[in-house]
Structures are given as C-alpha cells and as structure tokens.
Amino acid sequence: MSRDSQRDDPYDVAVIGAGVVGCAIARELARCEVSAVVLERSGDVGNGTSKANTAILHTGFDCVPGSLESSLVSRGYHLLGAYAEATGIAIERTGGILVAWDEEQQAALASLREKAEKNGYNETQILSATEVRDREPNLGEGVRGGLAVPGESIICPWSTVLAYALEAATAGVTFLFNTEVTAVARDGELHVLTTNQGEVRSRWLINAAGLFSSDVDGLCDHDDFKVTPRRGELVVFDKLARDLITSIILPVPTQRTKGVLVAPTVYGNVLLGPTADDVDDPFATATTEEGIARLFAAGAKVVPRLIDEEVTAMYAGLRAATQFQDYQIRAHAGEAYVCVGGIRSTGLTASMAIAEHVAGLLRAEGLERTVRTPAPAIPDMAALGEQQLRRYLDEAAIDRDPEYGQIICHCERVTRGEIRDACAGALGARDLGALRRRTRAMNGRCQGFYCGAQVVALLSELSGRSPAALTGLGS
Ligand SMILES: Cc1cc2nc3c(=O)[nH]c(=O)nc-3n(C[C@H](O)[C@H](O)[C@H](O)COP(=O)(O)OP(=O)(O)OC[C@H]3O[C@@H](n4cnc5c(N)ncnc54)[C@H](O)[C@@H]3O)c2cc1C
C-alpha cells in the first residue's frame, strides 16, 4: 500500500482516471479548499486516450446543435485557448478548411455553415474551388469548394494534461499512480475504493475513466451506457512535409466520424488520419496494415505529394464511443457520485469546460467549496512547439544554464536541461513514454535510433530506475 493511500482522513473527492478529463477536473477542484485524490491505473498522467489523438482545438462548428457536447466544446475551446496562452502550451491558430470533393459535398457546405451558426460559431465562410486552391495549392484534383473555419487550431495535447496536473498537484491534489480501482462500496457517507494499492476513502466520487468509464459506472451499480472503443489510426509525416499545407484540411464529416484529415502539428510535422473502426479490445492501440493503407488512399486524393514524404511514426488511439451521440455526464442524486463517461472525439478541447460543468454538478449536489486564496500558481510549460522559442535557441536561458545548450536528441533538438527539468518533481517523467511526452526526445525521424542510449542513460540517472527497467531489455 502506498503512503498516500494509507491516509486516515477521507478525501473530499476522489477522481478515477488521470487523462485530460480527470486532470482538468483535478485542476478545477484545486481552485477551492477541498482535499482531492486522483487514482490512475498507469504510471503517468495522460497515458490513455489523451496521449494519442489528433490534437485539434475544435471550435465545435460541427457538433450536434443543442447537445451537451456542443456547449462544452464551444466553451472549452475558449477556456483552453486562453489557458494555453497563459501557460505556454504550444498552440497555433492555423484555421481549417472543410473541402468538398463532389457535388453532394459541395451542396452540404451551406447546411454545415448553418449548423456551425446553431453551434454558436459564426465565422465560417463558403469558398469557391479557386479560393480553396489559392489557400492550399497542394490539394489534389477535383476540389469543388470549401468551408473555411478560421478558428480551428492545433495544440500540444501532452502539455495540456501535464499543465492541469501540475497546477492541481502544486495546490495539494494527491496523484496515486499504478493504482487501479477494482471495487467501489459505501460505508455510510463515504465511498470506499478498493485498489491494487490498498483502500482509498472519499466523500465524493468522480468517474473519469475514459474507455473504462462504463466499467467503473458498473462498479457503482449503474448501467447507463456502454463504451465501445473506436480506434483511430494516424500517420505522422516528417517535418519536410510541413510546407505542403498551411491549415487543417478537413473532409465533410459523417454521422459517425469527423473523417480523415490532413493537419499540421505544433511540433512541425503533418498528421494524416484518423480512421474510425469499432473494436472489442480497449487495449487495441496497435496500428494495422489495412487501416494505414486506407489512410494512404485517402491522403493521396487530398494532398497527393504527401504520400511521397517520409513517415516518422504511426499510432492509434481509442475513442470512448457509446451507443449515444452525446457525452455521458451525470450526477447521481444522493449518491455523491458523478459519472463523466463517453467523452469520445472532442475531450481535449472540451476538458476545461467539462471540469467546470462537473464542479457545478458537485455544487448542486451539496459539495461546499470555498475558493482557495491565493489561487493556485499557473504552471510555466516547456516550449515544445516549433513556433515557440525552443530552449536550444534561447540564448538567455543557455547563458543562465549551459545544459540548455547541450542537445541530446538531434532530430527534435531536445537539450539535456529540458530532460533534467522533465524528470524533476512529483510528476516528473519516470519512463520513456512520459519523457517523450514532456520533451519530444526520441519522437523525431530516427525515433531514438541515435539518441536512445544517451536518453536512457540520462533518464536512468535522473529517475533512479535501471536502463533494463526503462527499456524492458535484459535484466
Ligand atoms: C484518434 C483520436 C483523435 C482525437 N482527436 C481529438 C482532437 O483532435 N481534439 C479533441 O479535442 N479530442 C480528440 N480526441 C478525443 C480526446 O482524445 C478524448 O476525448 C480524451 O483524451 C478523453 O480523455 P479522458 O480523460 O476521458 O480519457 P483517457 O485519456 O483515456 O483517461 C482515462 C484514464 O483513466 C484510467 N483508468 C481507467 N480505468 C481505471 C481504473 N479502474 N482505475 C484507475 N484508473 C483507471 C486510464 O488508465 C486512463 O489514463 C481524439 C481521440 C482519438 C482516439
């Protein structure tokens, strides 16, 4: 049993899941005088669906009007946009263009514009084929027109989760990693959570378990929805492809999915994806030959030259799709339990608004909250974006601390000083995945072939874990 979970006093609130949703909720809770704990099965924050998405900050123009998702995405868009500016999370306001490739899609543009307005987004603009081509000269043949969505943006998903968690942890929220909740019981007013690390007690319980949100709902004796993982595979193209597009190139969406897009990333790459395939296994995050072939076929039509570019990586993420079109967020009256499930394709964007909404539900159900003064400090995030002043270029930082001048990962230009910083503190990186998400080290075109040994040695030195434990090689 870990030291923290042995605490005698119950927590006011326990949050199950340290994805972008659970961490946003933890951050929101930390703004008030409540004691909170986040229980996470894996070894890091943002290690589930939140690490493998398309990284778009959506305006919500194509949500289902009147849905909870629509209102939370619209609000979350503004909240997270402002938070990113305040904390240094990389964000680029590239805008997006929804491209019509046939007559039917062209005819749909006007209704998509109306839908955007019903969702409170009034800045779309219908473009002729020539206007689309002027903006995006590398598109394939057959463009019929487009809908410009100037607010669509790209953001760093990894720093977003980490920023929420750091802000929460600094204000006193406890994070328990490698802690899986396996049973939930009641003891009077308290929830008693059985975990593989011992028991945790809390007055309130929030289920932010992502793909497992319906399982956790089941542990709480509810059966309101069922998550079916919907796999999205993506291809990351090399930075040399970045100049092929200036904005996010979107397809005309269907009922089921937003479709395959071509988007820049804040790290200077180009993404192609995602697919949308229902799977049974909530751990099926491997890419498939068939899925990648479908992406290449779609990409060849949209930006033909992209297909000749070098591929840096491929990955897949699983959306927590349910039988419903909307998020499954509800407070169970009298049970001190809030379920935050079914947060499928827009949870990164909506995260701060979801957290605000959940805080409102908790208040309505009787959780008293006194605003913490002073307010928790806003974290200052590492500059991971290509448009930001990266450490290796920051002369003042290098003068202050020469380790910012020592590049370890040459593909992504990550310095020794950044790796050191990423390993520091209670939420410091303890494995290679966590380090990659905090620094970009080993994420470049060589995928760690050249720098891997040095990165592992450094992480081993800083984390106290053996190279064998970090790589899973040898003993
Ligand atoms: C392919 C793809 C593309 C996407 N693109 C975008 C996009 O461009 N923009 C956007 O806004 N959104 C996008 N999304 C959606 C977004 O990524 C998700 O909505 C969001 O990450 C969900 O976060 P979460 O915290 O609910 O889930 P998760 O990140 O999965 O977090 C849930 C956590 O709960 C933990 N957990 C589960 N069960 C237990 C248990 N019993 N005990 C302890 N811990 C537990 C898990 O380990 C996990 O870490 C995309 C998703 C996918 C898959």
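Parameters at a glance
- Residue indices follow the written sequence of each chain, beginning from 1 at its first position.
- Given that this is a predicted model, residues contribute local features only at a pLDDT of at least 70 and side-chain atom pairs are listed and counted only at 80 or more, while totals for whole chains, interfaces and linings are drawn from all residues.
- The secondary structure listing takes helices from DSSP runs of H or I that are at least 4 residues long and strands from runs of E that are at least 2 residues long, numbered from the N terminus.
- Every C-beta atom is placed from the backbone, and the number of other C-beta atoms within 10 Å of a residue's own sets its class: buried at 20 or more, exposed at 12 or fewer, partly exposed in between.
- One fewer than the residue count of a helix, multiplied by 1.5 Å, yields its expected span.
- Two axes are fitted around each residue, one to the seven residues ending there and one to the seven starting there, and the angle between them is reported as the bend at that residue.
- Remark: residues whose backbone-derived C-beta atoms lie within 7 Å of one another are considered to be in contact.
- Geometry is summarised by axes, namely lines fitted to C-alpha atoms with helices restricted to the contacting stretch, and by angles between N-to-C directions that run from 0 to 180 degrees.
- Here the word oblique covers every angle except those under 35 degrees (roughly parallel), over 145 (roughly antiparallel) and from 65 to 115 (roughly perpendicular).
- Each crossing gets its handedness from the near helix: less than a right angle anticlockwise from the far helix is left-handed, clockwise is right-handed.
- In this classification, Asp, Glu, Lys and Arg are treated as charged, Ala, Val, Leu, Ile, Met, Phe, Trp, Tyr, Cys and Pro as nonpolar, and every other residue, Gly included, as polar.
- Note that the domain bounds reflect an automated or database-derived domain assignment.
- As used in this record, a residue near a molecule or strand is one whose C-beta atom, placed from the backbone, is within 6 Å of it.
- Criterion used throughout: strands pair if DSSP finds at least two bridges between them.
- The arc in question is formed by the directions pointing from the helix axis toward the C-beta atoms.

Colleague: Even after reading the chapter, I still don't get the overall build of the protein, so can you show me in this structure?
Modeller: In terms of regular secondary structure, the protein is built from 13 helices and 22 strands. Dimensions of the protein, computed from the C-alpha atoms along their principal axes, are close to 65 × 55 × 45 Å. A burial count over the protein gives 52% of its 475 residues as buried.

Colleague: Could you clarify how one ought to interpret helix α3 (residues 103-118) in this entry?
Modeller: An α-helical segment advances 3.6 residues per turn. Residues three or four places apart therefore align on the same side. Over its 16 residues, α3 runs 24 Å from end to end, which matches the ideal 22 Å to within 8%, given 1.5 Å per residue. Maximal helix bending in α3 amounts to about 30°, located at L109. If you check which residues of α3 are buried, you get L109, L112 and A116. On the buried face of α3, the contacting elements are β5 (96-100), β6 (125-128) and β7 (145-149). Backbone geometry just after α3 places G120 at a positive phi near 85°.

Colleague: Hey, could you run me through the packing of helix α1 (residues 20-30) against helix α5 (residues 157-170) in this one?
Modeller: For any two helices packed against each other, the geometry comes down to the angle between their axes and how far apart the axes lie. Interhelical geometry of α1 versus α5 gives an angle of 30° and a closest axis separation of 8 Å. Considering the angle they form, α1 stands roughly parallel to α5. The chirality of how α1 crosses α5 is left-handed. Between α1 and α5, the residues in contact are V20, C23, A24, A26, R27 and A30 and T160, V161, Y164, A165, E167 and A168, respectively. Partitioned by chemical class, the residues of the contact of α1 with α5 number nine nonpolar, one polar and two charged.

Colleague: I would appreciate a short explanation of the domain arrangement of the protein in the present structure.
Modeller: Quite often, the size of an interface is put as the accessible area lost when its parts meet. Segmentation of the protein into domains returns domain 1 (1-92 + 154-225 + 323-383), domain 2 (93-153 + 228-321) and domain 3 (391-471). Each of domain 2 and domain 3 has a C-alpha centre, and these two points are 32 Å apart. With five residues of domain 2 at the interface, the matching set in domain 3 holds four residues. When the residues that make up the side of domain 2 that touches domain 3 are grouped by side-chain class, the tally is two nonpolar, one polar and two charged.

Colleague: Just to check I follow, could you spell out the site of the ligand for this structure?
Modeller: What surrounds the ligand is a group of 40 residues, the closest being G19, G48, G210, G232 and G347. Elements that contribute at least two residues to the shell around the ligand include exactly α1, β18 (311-321) and α8 (347-364). Considered class by class, the residues forming the shell around the ligand number 17 nonpolar, 18 polar and five charged. A domain-level breakdown of the shell around the ligand finds at least three residues from each of domain 1 (1-92 + 154-225 + 323-383) and domain 2 (93-153 + 228-321).

Colleague: Is there a simple way to think about the sheet that holds strand β8 (residues 153-155) in this case?
Modeller: Think of a sheet as strands paired side by side through backbone hydrogen bonds, with each pair either parallel or antiparallel. The strand order across the open sheet built from three strands is β3-β8-β4, with neighbouring strands paired in antiparallel fashion. Where the open sheet ends on each side, the last strands, each with one partner, are β3 (56-57) and β4 (91-92).

Colleague: I keep staring at the pairing of strand β11 (residues 190-195) and nothing clicks. Help me out?
Modeller: Every other side chain in a regular strand lies on the same face of the sheet, so the side chains alternate between the two faces. Of the two faces of β11, only the one carrying H191, L193 and T195 is buried; L190, V192 and T194 on the other face are not. Two strands pair when backbone bridges link them, and strand β10 (residues 181-187) and β11 are joined in this way by six bridges, in the antiparallel orientation. Bridge pairing in β11 links R186 to H191. The turn joining β10 and β11, which pair antiparallel and follow one another in sequence, is formed by two residues; a positive phi near 65° is taken by G188. Both β11 and strand β12 (residues 198-207) contribute to a ladder of five bridges, which runs antiparallel. Counted as the bridge partner of L193 is V200 from β12. Hairpin connection from β11 to β12: two residues lie between these consecutive antiparallel strands.

Colleague: Help me understand the environment of I97, please; the structure alone is not making it clear to me.
Modeller: Relative to the helices and strands, I97 resides in strand β5. In this view, I97 contacts L127, V132, R135, E136, G146, A148, S247, I249 and L250; residues no more than four positions away in its chain are not counted.

Colleague: Which parts of the structure should I look at to understand unusual backbone geometry?
Modeller: Note on backbone geometry: most residues besides glycine have negative phi, and most peptide bonds are trans. Residues G273 and P274 are joined by a peptide bond in cis, for which omega reads -10°. The amide bond that connects T373 to the next residue, P374, takes the cis arrangement and shows omega of -10°. Position of P374 among the secondary structure elements: in the loop between α8 and α9 (395-400). Residue D221 is not a glycine yet carries a positive backbone phi of 65°. With respect to the helices, strands and loops of the structure, D221 is situated in the loop between α6 (213-219) and β13 (228-237).

Colleague: Explain helix α7 (residues 289-302) here, please?
Modeller: In this model α7 runs 20 Å from its N-terminal to its C-terminal C-alpha over 14 residues, within 8% of the 20 Å that 1.5 Å per residue would give. Taken together, the buried positions of α7 are occupied by G291, L295, G299 and V302. All buried residues of α7 fall inside an arc of 70° around its axis, so they share one side. Along α7, the residues that are exposed and aim more than 90 degrees away from the buried face are E289, E290, A293 and A297. Contacts made by the buried residues of α7 are with β13, β14 (248-250), β15 (261-264), β16 (270-273) and β17 (277-278).

Colleague: So what exactly am I meant to see when it comes to the packing of helix α2 (residues 68-87) against α8 here?
Modeller: With their axes 6 Å apart at the nearest point, α2 and α8 run at an angle of 110° to one another. Between α2 and α8, the crossing angle belongs to the class labelled roughly perpendicular. Residues E69, L72, V73, R75, G76, Y77, L79, L80 and Y83 of α2 lie in contact with α8, whose contacting residues are T349, A350, S351, M352, A353, I354 and H357. Its residues assigned to classes, the contact of α2 with α8 shows 10 nonpolar, four polar and two charged.

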